[in-house]
Amino acid sequence: VQLVESGGGLVQPGASLRLSCVVSGFTFSNYPMNWYRQVPGKGREFVAGINGIGDSTTYKSSVKGRFIISRDNVKSTVYLQMNSLKPEDTAVYYCNVNVFNNYWGQGTQVTVSS
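No experiment lies behind these values; they were computed from the predicted model shown. (Residues numbered from 1 in each chain as written. Predicted model: local features only at pLDDT ≥ 70, side-chain atom pairs only at ≥ 80, totals over all residues. Heavy atoms only, no water.)

All right, on to the state of the cysteines then. Counted by the stated rule, this structure contains one disulfide. The partner cysteine of C21 in its disulfide is C95, sulfur to sulfur 1.9 Å. Disulfide C21-C95: the torsion about the S-S bond is 45 degrees, which places it as right-handed. Residue C21 is located in strand β3 (residues 17–24), and its partner C95 is located in strand β9 (residues 91–99); the two are separated by 74 residues in the primary sequence. C21 gets classed as buried once you look at its relative accessible area, which sits at 0%. By relative accessible area, which is 0% here, C95 ends up buried. (Disulfide = S-S within 2.5 Å. Helix = DSSP H or I, 4+ residues; strand = E, 2+ residues; numbered from the N terminus. Buried < 20%, exposed > 50% of the residue type's maximum accessible area, 1.4 Å probe, protein only.)

A word on the pattern of salt bridges. By the definition in use, this model includes four salt bridges. With a closest N to O distance of 3.0 Å, D89 and R37 form a salt bridge. Here R37 lies in strand β4 (residues 33–38) and D89 lies in the loop between β8 (77–82) and β9, a separation of 52 residues in the sequence. Residue classification places D89 among the buried positions, given a relative accessible area of 0%. With a relative accessible area of 5%, R37 lands in the buried category. Several salt bridges share partner residues, and in doing so they unite R37, E45, K60, R66 and D89 into one network. (Salt bridge = Lys/Arg side-chain N within 4 Å of Asp/Glu carboxyl O.)

In structure tokens, the structure reads:
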């Protein structure tokens, strides 16, 4: 199982970013996918999740209405569209899947600062 995130960067407050996570090594459409984030000195926190067929999503309350998780089961890719970014969204973002074990990508840094 491999997960490779991309799309992070440095943006100003109010800007948007779209993260991508390309996966391989399992039947992608069979499994829910998640995005987590982590800041130094704190544990990893759940941000958003989506079911296998993409018709059910869940969000951390502080990102609801600003972030949108989606997936393309043909491309084996999960996305996180992040709008109206705030400085408190600064973190390393990881995609995650549980296929008998928990698997994580290498993470992508998102920095929101003026």
